[in-house]
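Spelled out from the first residue to the last, the chains are:
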Amino acid sequence: MTLTSPPVATLGPVRQTYASEKTFPPIARAYTQVSQIAKETGLLGRAPWFYASVAAAIAVGFGGAITGFILLGDSWFQLLIAAALGILFTQVAFLSHEAAHKQILSSGKANERLSRLIGPGLVGMSYAWWNSKHTRHHANPNRVGKDPDIEVDTISFLDEDAARSRGIVRLITRKQGWLFFPLLTLEGLNLHWLGIRHLVFTRGHVPGRFQELALILLRLAVVIVPVFLLLPLGMAFAFMGVQLAVFGVYMGASFAPNHKGMPVIAPEAKLDFFSKQVRTSRNIRGGWWATWLMGGLNYQIEHHLFPSMARPHLSQAREIVRDACATLDVPYTETSLLRSYGIVIEYLNRVGLAARDPFDCPTRVGLRGV
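Residues numbered from 1 in each chain as written. Predicted model: local features only at pLDDT ≥ 70, side-chain atom pairs only at ≥ 80, totals over all residues. Heavy atoms only, no water.

### Section: the overall build of the protein chain
Formally: The way it works is that DSSP assigns letters per residue, a run of H or I at least four long becomes a helix, a run of E at least two long becomes a strand, and they are numbered from the N terminus. Atoms considered for the radius of gyration are the C-alpha atoms alone. The globule rule reads 2.2 Å times the number of residues to the power 0.38. Partly exposed residues are those whose accessible area sits between 20% and 50% of the maximum for their type, while under 20% is buried and over 50% is exposed, using a 1.4 Å probe and protein chains only. Residues count as neighbours in contact if any of their non-hydrogen atoms are within 4.5 Å of one another. Methods summary: accessible areas were calculated by the Shrake-Rupley approach with a probe of 1.4 Å, and residue burial reflects only the protein chains presented. This count recognises Lys and Arg as positive and Asp and Glu as negative, with His and chain-terminal groups excluded. All charge positions are set by atom: Lys at NZ, Arg at CZ, Asp at CG, Glu at CD.
Secondary structure assignment for the protein chain yields 17 helices and two strands. Taken over C-alpha atoms, the radius of gyration comes to 22 Å for the protein chain, in line with the 21 Å a tight globule of 370 residues would show. Principal-axis analysis of the C-alpha atoms gives the protein chain an extent of 60 × 55 × 45 Å. In the protein chain, buried positions account for 52% of the 370 residues. Within the protein chain, contacts between residues at least 6 apart in sequence are counted, and of these 71% link residues at least 24 apart. For the protein chain, the accessible area works out to roughly 17700 Å², and carbon and sulfur atoms hold 67% of it. For the protein chain, the centre of its 36 positive side-chain charges and the centre of its 24 negative side-chain charges are spaced 3 Å apart.

Structure follows, in structure tokens:
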């Protein structure tokens, strides 16, 4: 296996290498063939009744949470309601993600309007920010300089980013694998902030900027005002803290297993669509329960190959893709949810070894990570 590693000057030893065309030679017509089979078997069609049932179940959940909030009153059991809301908001975020991928409604415009409504209006996340970021991720998953999901944001996903870290970020980066899930408790707040920052401070035209800001502000008022009106101040802060923490952990724990620890693609590499999507993605075993828990993200390989495919069709597409991978001798990565978390932690800790003094002994640092 031949790997390429771009030179990084003055940063100390950087061990990470990147996959290139030589690592993954192009496969002609692979995607054309699997997509044709998916089309012929009807897997690219919509599933309106499925999404109607999911939306109804989420609505019932919100109804129960609101009823519980009113009945419990001044009680620390309210934190259970806060946790439930964190879960429900994440489930709505899954629907917003699927609408953005045009999976739910029959037309692209209708899906976009739905995602623009429920993303900012119910979840509190900017559709414009998320869609721009996520579109670039899908086009170039795990590709250096192209995929925003591997850019440094406290956590470093590349050795050279870890080596550049300074101050408190460097201290975090050294143990970032073990700190990953604790840090996710702040990810909910981070997701809200990044979206608002994009809408407020981005220069030039941002489609739907003022509509999204209005929806986010309205949503904040609907969620926050009753909490601080009806609960004591300390309990209200605890309520919002738990809700945001659960939302952040749930979101991060659903998206992190999909690509972290998979091959990272060199900036200049030109790979065929099938290879770059399959080889950089990881599926999670578990069947129906994993699909409900992760909003279909457990079928990450199929989702990247067929981004507009409705959630209930992904399991059938899995069989088609697995057969194609077996025929073409392409690795198809699938593991358990817990094992995927172990891989993510191990990978982040390995990257974190680069966040050290450049004059430190490489052998001693390597042994420290064993």
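### As for the environment of Pro312
Note that Pro312 resides in the loop between helix H14 (300-305) and helix H15 (314-328). Here Pro312 falls in the partly exposed class, since its relative accessible area comes to 28%. Each C-alpha atom of the pair Pro312 and Pro267 lies 34 Å from the other, and the pair is 45 residues apart in sequence. Look past the residues within four positions of Pro312 in its chain and what remains in contact with it is Ala47, Phe50 and Tyr51.

### Here's the deal with the packing of helix H8 (residues 176-184) against helix H16 (residues 337-352)
To keep things clear, this is the line we draw: To obtain each axis, a line is fitted to C-alpha atoms, and for helices this fit is confined to the stretch in contact; angles are then taken between N-to-C directions over 0 to 180 degrees. For classification, angles of less than 35 degrees are called roughly parallel, those exceeding 145 degrees roughly antiparallel, those between 65 and 115 degrees roughly perpendicular, and all remaining angles oblique. Three categories are distinguished: nonpolar for Ala, Val, Leu, Ile, Met, Phe, Trp, Tyr, Cys and Pro, charged for Asp, Glu, Lys and Arg, and polar for the others, with Gly belonging to the last.
In contact at an axis separation of 7 Å, H8 and H16 are set at 125 degrees when each is read in the N-to-C sense. With respect to H16, the element H8 is oriented oblique. Here H8 contributes Gln176, Gly177, Trp178, Phe180 and Phe181 to the contact with H16, which in turn contributes Tyr341, Val344, Ile345, Leu348, Asn349, Val351 and Gly352. Counted by class, the contact of H8 with H16 contains eight nonpolar, four polar and no charged residues.

### Remarks on the pattern of salt bridges
Condition: The working definition used for a salt bridge is a side-chain nitrogen of Lys or Arg within 4 Å of a carboxyl oxygen of Asp or Glu.
Tallying each qualifying case throughout the model produces eight salt bridges. Among the salt bridges present, the one from Glu319 reaches Arg318, with a minimum N-O distance of 2.7 Å. Since its relative accessible area comes to 40%, Glu319 is described here as partly exposed. Taking relative accessible area as the criterion, Arg318 reaches 17% and is therefore assigned buried. Note that Glu334 and Arg322 form a salt bridge whose closest N and O atoms lie 3.7 Å from each other. In this pair, Glu334 sits in strand E2 (residues 334-335) while Arg322 sits in helix H15, placing the two residues twelve residues apart along the sequence. By relative accessible area, which is 17% here, Glu334 ends up buried.

### What about the confidence of the model for the protein chain?
Test applied: What pLDDT conveys is the predictor's confidence in a given residue, as a value from 0 to 100.
Per-residue confidence for the protein chain averages 91 on the pLDDT scale, and 92% of its residues sit at or above 70. Here residues 1-14 is modelled with pLDDT under 50, and outside its nearest four sequence neighbours on either side it reaches 30 contacts, counting other chains as well. Segment residues 361-370: pLDDT under 50, and seven contacts once partners within four positions in sequence are set aside and those in other chains are kept.

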